[in-house]
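Working through the structure, step by step
Read off the chains here:
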Amino acid sequence: MDIWKNVLETIEENVDEQTFENWFKPIKPIYINNDSISLEIPNKFFLDWFQKNYLALLKSSLSYVTKKEYTVKFSFSTNKDILSHPTKKYQKESSFKQKKHIFIGDTLNKNHSFDNFIVGTSNQFAHAAALSVAKNPSVNYNPLFIYGGVGLGKTHLLSAIGNYLVAHNINVCFISSENFMNELINSIRYDRMPIFREKFRTAEVLLIDDIQFIAGKERTQEEFFHTFNSLFESQRQIVMSSDKFPRDINFLEERLRSRFEWGLIADIQPPEIETKIAILKSKAYTLNIPLPDDVCFFLASSINSNIRELEGSLIRIGAFASLTEKEITLSTAKEILKNIIPDNKSVIDIETIQKAVTNHFKIKISDLNSNKRQRVYALPRQIGMYLSRKLTLSSFPEIGTSFGGRDHSTVIHAVNKIKKLIESDKSIKGIIESIENKL
Ligand code: ADP
Ligand code: MG
């Protein structure tokens, strides 16, 4: 039967070797007529599993090869060889292992787990949402949209969900939207669209990384729109990451934008210094790099926002220490990183922040630290306190003292007020970012 041979060839290109061996090789075609095909398979267990996981793929391959729709009929084999099919083994184990997961998409980084994701105020919301989705897919937040700047842990969180689901035998697809597009292009080119569609629509959970990438790519948006709808309608979980808020992604179709906003949007902010220190200590421990506290503080306070850079610097220091068998000290660290962290940028302190703030608002330091309550002074003062809290290790009372001897409760109030303003007022957010960039 040439048709069957061609169908198998098509399938073979689209599943991994093991899957093909276990689930397609053992099938024996019995007959094929105008509208139906009859297949012999090993047993009932095979049938259940096959119907749930591969029937759709089989049907789409059939219609791809023949350009026709077929009804697929199954019968069980009495052949001894087939009876020794590996599903026999699963049958025995099935009391504790009903399902075997299928994973599709890009390679999941095994090192990205929830366990080694350090939680701080900047990322606790996104972390909690991701964990909740991993534990209860399709129950609470669908879709989940995680957004945040470069190197802040979006891919880590998506992979953590993926690893968690794989460990719990749930079918999951993790793919960057760039690879989604590449696969789409190949499928169009080789006339394999039905298989492409089927593939993404069989995942119980779809994790799609850097979705902002599809902006401006019409055909990819169109296809993703259908994938999204099909998954959403069959109550599958969708998780997306993006470096921008849906509304800020230019050239994104409106119908996609609105869908991205249907569920929960969780942001990841640049980490506070405490979180950076915690991340560094945890990485140093995992990588077995002896990291003295002063070096750790130096790294955390000099590298402003990007965790990937933070990690990169730590690895450089570690490599240097192990290659030269020298001890890591503050001065060696400064030397090793001098190209990345210019000397004058070394440690940000409250005074530096006050200078930057007063420069920006064109007011005097004495006014910043005075008792004047007009908004022209009060707002810069509160921004200064907020930045001091965010970028230095100073406590609330210490910050209060530096800003004209204020009480710590005033500082807490200021920090909270600015945090809220950043969320509600884009111009304030912009001002703060520009001051921060100059530090
Ligand atoms: P993004 O996808 O947002 O650009 P990544 O997820 O690739 O960023 O994160 C960059 C690096 O920083 C990764 O190695 C990741 O493991 C690490 N990282 C980010 N956030 C955390 C965190 N909260 N705890 C531990 N490691 C983190
Ligand atoms: Mg990423």
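Residues numbered from 1 in each chain as written. Chains lettered and ligands numbered in written order. Predicted model: local features only at pLDDT ≥ 70, side-chain atom pairs only at ≥ 80, totals over all residues. Heavy atoms only, no water.

1. Re the pattern of salt bridges
Which entries qualify depends on this criterion: One speaks of a salt bridge when a side-chain nitrogen belonging to Lys or Arg is within 4 Å of a carboxyl oxygen belonging to Asp or Glu. Under the scheme used here, helices are H or I runs from DSSP no shorter than 4 residues and strands are E runs no shorter than 2 residues, and both carry numbers assigned from the N terminus. Think of it in three bands: residues with accessible area under 20% of the maximum for their type are buried, residues over 50% are exposed, and the middle band is partly exposed, with areas taken using a 1.4 Å probe on protein chains only.
Enumeration according to the criterion identifies 19 salt bridges in this entry. Glu223 is the salt-bridge partner of Arg219, the closest N and O atoms lying 3.6 Å from each other. Residue Arg219 and its partner Glu223 are both found in helix H11 (residues 218–233); the two are separated by four residues, about one turn of the helix. Classification of Glu223 as buried rests on a relative accessible area of 1%.

2. A word on empty space enclosed by the protein
Quick note on the threshold: Grid points spaced at 1 Å and placed over the protein atoms alone form the basis of the search, with a cavity being a set where a 1.4 Å probe fits but cannot get out and a pocket an open set showing protein on both sides within 12 Å along at least five of seven lines. Lining residues have an atom within 4 Å of a point. Grid points are joined across faces, edges and corners, and a volume is the space filled by probe spheres set on the points. Throughout this entry, Asp, Glu, Lys and Arg are counted as charged residues, while Ala, Val, Leu, Ile, Met, Phe, Trp, Tyr, Cys and Pro are counted as nonpolar. The remaining residues, Gly among them, count as polar.
Overall, the coordinates contain two cavities of 30 Å³ or more when judged by the stated rule. A volume near 40 Å³ is recorded for the second largest cavity. Of all elements in the fold, only helix H13 (273–287), helix H14 (293–302) and helix H19 (375–391) reach the threshold of two or more residues within the lining of the second largest cavity. Along the lines of polarity and charge, the residues of the lining of the second largest cavity split into five nonpolar, two polar and two charged.

3. Let's talk about the packing of helix H7 (residues 124–135) against helix H8 (residues 154–167)
Counted only if it meets this: Convention adopted: a line fitted to C-alpha atoms gives each axis, helices being fitted over their contacting stretch, and angles between N-to-C directions are expressed from 0 to 180 degrees. For classification, angles of less than 35 degrees are called roughly parallel, those exceeding 145 degrees roughly antiparallel, those between 65 and 115 degrees roughly perpendicular, and all remaining angles oblique. A clockwise turn of the near helix away from the far one marks a right-handed crossing, whereas an anticlockwise turn of less than a right angle marks a left-handed crossing. Residues are treated as being in contact if the distance between any of their heavy atoms lies within 4.5 Å.
With their axes 9 Å apart at the nearest point, H7 and H8 run at an angle of 20° to one another. Between H7 and H8, the interaxial angle falls into the category roughly parallel. Once H7 is placed against H8, the crossing between them reads as right-handed. Together, Ala126, His127, Ala130, Val133, Ala134 and Lys135 of H7 and Leu157, Ile161, Tyr164 and Leu165 of H8 make up the contact between the two elements. Taken together, the residues that form the contact of H7 with H8 break down as eight nonpolar, one polar and one charged.

4. A few points about the site of ligand 1
Quick reminder of the rule: If a single non-hydrogen atom of a residue is within 4 Å of a molecule or strand, that residue counts as near it. Identification of polar contacts relies on pairs of N or O atoms within 3.5 Å, with a donor-acceptor requirement for protein atoms, meaning one able to donate a hydrogen and the other able to accept it, and with residues adjacent in sequence counted only if both atoms are side-chain atoms.
Around ligand 1, 18 residues are found, and the nearest of them are Ile118, Gly151, Lys154, Thr155 and His156. The separation between an oxygen atom of ligand 1 and a polar side-chain atom of His156 is 2.7 Å. If you list the elements that add at least two residues to the shell around ligand 1, you get H8, H13 and helix H15 (307–324). Of the residues assigned to the shell around ligand 1, the class counts are six nonpolar, eight polar and four charged.

5. Quick notes on the side chain of Arg381
Which entries qualify depends on this criterion: The positive count covers Lys and Arg only, the negative count covers Asp and Glu only, and His and the chain ends enter neither.
Its place among the elements puts Arg381 in helix H19. Summary of buried charges: Arg381 has no salt-bridge partner, and the nearest side chain of opposite charge, Asp367, is 7.2 Å away. Here Lys372 takes part through its backbone oxygen, which lies 2.8 Å from a polar atom of the side chain of Arg381. Once you skip the residues sitting within four places of it in the chain, Arg381 turns out to touch Asp367, Leu368, Ser370, Asn371, Lys372, Phe403 and Arg406.

6. What about the side chain of Thr332?
Tracing the chain through its elements places Thr332 in helix H16 (residues 330–336). On the basis of relative accessible area, Thr332 is assigned to the buried category, the value being 18%. Not counting residues within four places of it along the chain, the set of residues in contact with Thr332 comprises Phe320 and Glu327.

7. Let's talk about the pairing of strand S8 (residues 237–242)
For clarity, the cut-off: Strands were regarded as paired on the criterion that DSSP finds at least two bridges between them. By definition, the crossover connecting two strands over a helix is right-handed if that path, from the first strand to the second, turns clockwise as seen with the strands pointing away from the viewer.
Within S8, six of the six residues are buried, which leaves it mostly tucked inside the rest of the structure. What you see with S8 is no split at all: Gln237, Val239 and Ser241 on one side and Ile238, Met240 and Ser242 on the other are buried throughout. By the bridge criterion, four bridges tie strand S5 (residues 144–148) to S8 in an arrangement that is parallel. Looking at S8, one finds that Phe145 is bridged to Met240. As paired elements, strand S7 (residues 205–209) and S8 share four bridges and run parallel to each other. Paired with Leu206 across the bridge in S8 is Ile238. For the crossover that starts at S7, traverses H11 and ends in the parallel S8, the hand is right-handed.

8. So, the packing of helix H1 (residues 2–12) against helix H4 (residues 55–66)
Packing of H1 against H4 brings their axes to within 9 Å, and their N-to-C directions diverge by 120°. If you check the angle between H1 and H4, you find them oblique. For the crossing formed where H1 meets H4, the hand is right-handed. Residue-level inspection shows Ile3, Trp4, Asn6, Val7, Thr10 and Ile11 of H1 in contact with H4, the latter providing Leu57, Leu58, Ser61, Leu62, Tyr64, Val65 and Thr66.

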